[in-house]
Amino acid sequence: MSRTHDLLILIAAIAAGVAQTGCLAEALESEPAEGQLGSTGEALTSMNRLSMNRLSMNRLSMNRLSMNGLSAGALSPSGSDLSSTELIETPEGRELLAYVIRCALPEGESLSGAHGGVTYTFPGAVGVAPDWHAEPLDPVGQRWVSACLLAHVNGYGVEVPISLRGEHAALETTTTERAQFNAQEAAFYGNLFGSGADQGMYACAGAAVEAQCGATPSAEVPWRSCGAGEGCELSFAAPCRDVAHPEQQACENTSADFVEDCFPEASGPDGWSGDLVKYPEVITVYLERDDFNALYPGCAPLP
């Protein structure tokens, strides 16, 4: 039985549960092994199952974590203990914290903390903010970690490998990875730690979603992130890049592999308004073909 077929069956079962319970995230969430969020061994390939509900629920906690930083003065004499961070007190908080550390620190580094007599260790993997263990996150680091967290959200609760790409030294890819993950799904950006105009969660549709899912905004929403549930807090901006109608795209700069300099909404015929925040820190996600076809069953399948 194909991997696509397996995922389609699982998604159908989840959708049936949602119809009865009214909540997709609650239908599938379970606490993962502490500190064991998986990676495939590829530098930029991650597994994504972070819940958008948990991301939203913990935004204030994340904001306090950001303000304090993971610094020596805020947490412990060594700067490597998370015991004073309130996120470690609940399973949901620990899952989110695991993804925060996974995104921020590179492979081979980790941070630990204790709660209730249990020590939890959270390994790094991606490394978009490698200095966070020594100093508070600056706005650039906040936006990179936010983009990474949003890229890992999966509204269906299933784990699929994703390839992360962007204009960051930690996001370099190999020829093998680019060949294996060739469906450009979406790009993610925003700031979960900021305030005012510089706070939000945004996505734009990648080339595969735009080409296979049609031209209507509802068809282009990144389904993997929000699933079939209502009220997803992730704001869909527009296609990341629209060759035929550049006034309808969300990002200024695009390359063959990723996009950057993206806005919370499409440009419009006169460009972007001056009061919109521009996000240079953008992570573009690629899926394997079979996973794309499984997670976007309403779209034309990729051959």
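Our subject is the structure that appears above.
Cut-offs applied
Residues numbered from 1 in each chain as written. Predicted model: local features only at pLDDT ≥ 70, side-chain atom pairs only at ≥ 80, totals over all residues. Heavy atoms only, no water. Helix = DSSP H or I, 4+ residues; strand = E, 2+ residues; numbered from the N terminus. Pairing = 2+ DSSP bridges. Axes fitted to C-alpha atoms, helices over the stretch in contact; angles between N-to-C directions. Contact = heavy atoms within 4.5 Å. Buried < 20%, exposed > 50% of the residue type's maximum accessible area, 1.4 Å probe, protein only. Disulfide = S-S within 2.5 Å. Expected span 1.5 Å × (residues − 1). Core = buried A, V, L, I, M, F, W, Y, C linked by side-chain atoms within 4.5 Å. Phe/Tyr/Trp six-rings, centres within 6.5 Å; stacked < 30°, edge-to-face > 60°.

**A word on the environment of Ala-211**
Consideration 1: Within the secondary structure layout, Ala-211 lies in helix H9 (residues 207–213).
Consideration 2: Along the chain, Ala-211 and Ala-300 lie 89 residues apart, while their C-alpha atoms are 8.5 Å from each other.

**A look at the sheet that holds strand E1 (residues 45–48)**
Consideration 1: As summarised here, the arrangement of the 6 strands in space is E1-E4-E10-E5-E6-E7, forming an open sheet in which the pairing is mixed. What marks the edges here is a single partner per strand, and that holds for E1 and strand E7 (235–239). Across this sheet, the average inter-strand angle for adjacent strands is 35°, counted without regard to direction.
Consideration 2: Bridge count for strand E6 (residues 200–205) against E7 is 3 bridges, and the pairing is parallel. Within the sheet, the bridge partner assigned to Tyr-202 lies in E7 and is Ser-235.
Consideration 3: Sheet contacts for helix H7 (residues 139–151): E1, strand E4 (160–165), strand E5 (183–191), E6 and strand E10 (283–287); angle to E5, the most-contacted strand, approximately 140°.

**Focus on the environment of Gly-214**
Consideration 1: Positionally, Gly-214 belongs in the loop between H9 and helix H10 (217–220).
Consideration 2: Residue classification places Gly-214 among the partly exposed residues on the basis of a relative accessible area of 34%.

**Comments concerning the state of the cysteines**
Consideration 1: Following the criterion strictly, the structure yields 4 disulfides and no others.
Consideration 2: The disulfide bridge from Cys-103 ends at Cys-148, spanning 2.2 Å between sulfur atoms. Across the disulfide from Cys-103 to Cys-148, rotation about the S-S bond amounts to roughly -80°, and the bridge is consequently left-handed. One end of the pair, Cys-103, is in helix H6 (residues 91–104); the other, Cys-148, is in helix H7, and 45 residues separate them in sequence. Like Cys-103, the residue Cys-148 is buried in the burial classification.
Consideration 3: Linked covalently through their sulfurs, Cys-251 and Cys-262 form a disulfide whose S-S length is 2.0 Å. Taking the torsion about the sulfur-sulfur bond, which here is approximately 100°, the covalent link between Cys-251 and Cys-262 counts as right-handed. Of the two residues, Cys-251 sits in strand E8 (residues 251–254) while Cys-262 sits in strand E9 (residues 259–262), which places them 11 residues apart along the sequence. With respect to burial, Cys-251 and Cys-262 carry one shared label: buried.

**Some remarks on H6**
Every α-helix carries 3.6 residues per turn, so stepping three or four residues along brings you back to the same face.
Consideration 1: The end-to-end C-alpha distance of H6 is 20 Å, a good match for the 20 Å that 14 residues give at a rise of 1.5 Å each.
Consideration 2: Of all 14 residues in H6, 12 are buried, a share of seventy percent or more.
Consideration 3: Within H6 the residues assigned to the buried category are Gly-93, Arg-94, Glu-95, Leu-96, Leu-97, Ala-98, Tyr-99, Val-100, Ile-101, Arg-102, Cys-103 and Ala-104.

**Quick notes on the side chain of Ser-146**
Consideration 1: Checked against the element boundaries, Ser-146 lands in helix H7.
Consideration 2: Look past the residues within four positions of Ser-146 in its chain and what remains in contact with it is Gly-190, Asn-191, Leu-192 and Phe-193.

**Side note on the nonpolar core**
Consideration 1: By size, the foremost hydrophobic cluster in this structure holds 60 residues, and its most contacted members are Leu-55, Leu-149, Leu-164 and Phe-292.
Consideration 2: With 8 residues, the top contributor of residues to this core is H6.
Consideration 3: Those residues in contact with Leu-149 that lie beyond four places of it in its chain are Leu-50, Leu-55, Met-62, Leu-96, Tyr-99, Val-100, Cys-103 and Leu-192.
Consideration 4: Counting residues in each nonpolar core, the second largest holds 14 residues, with Ala-187, Ala-237, Val-259 and Val-282 among its members.

**Details of the packing of aromatic side chains**
Consideration 1: For the structure shown, the criterion picks out 5 aromatic pairs.
Consideration 2: Where Trp-132 meets Phe-193, the ring centres are 6.1 Å apart and the plane angle is 90°; that geometry is what we call edge-to-face. With Trp-132 in the loop between strand E3 (118–123) and H7 and Phe-193 in the loop between E5 and E6, this pair connects stretches of sequence that are 61 residues apart. Comparing Trp-132 with Phe-193 shows no difference in burial state: the two are buried.
Consideration 3: Relative to Tyr-279, the ring of Tyr-202 lies with its centre 5.9 Å away and its plane at 45°, an arrangement referred to as tilted. Pair noted here: Tyr-202 is in strand E6 and Tyr-279 is in the loop between E9 and E10, with a separation of 77 residues, a long-range link. The same class applies to Tyr-202 and to Tyr-279, which are both buried.
Consideration 4: The rings of Tyr-189, Tyr-202 and Tyr-279 are connected pair by pair, giving a single aromatic cluster.

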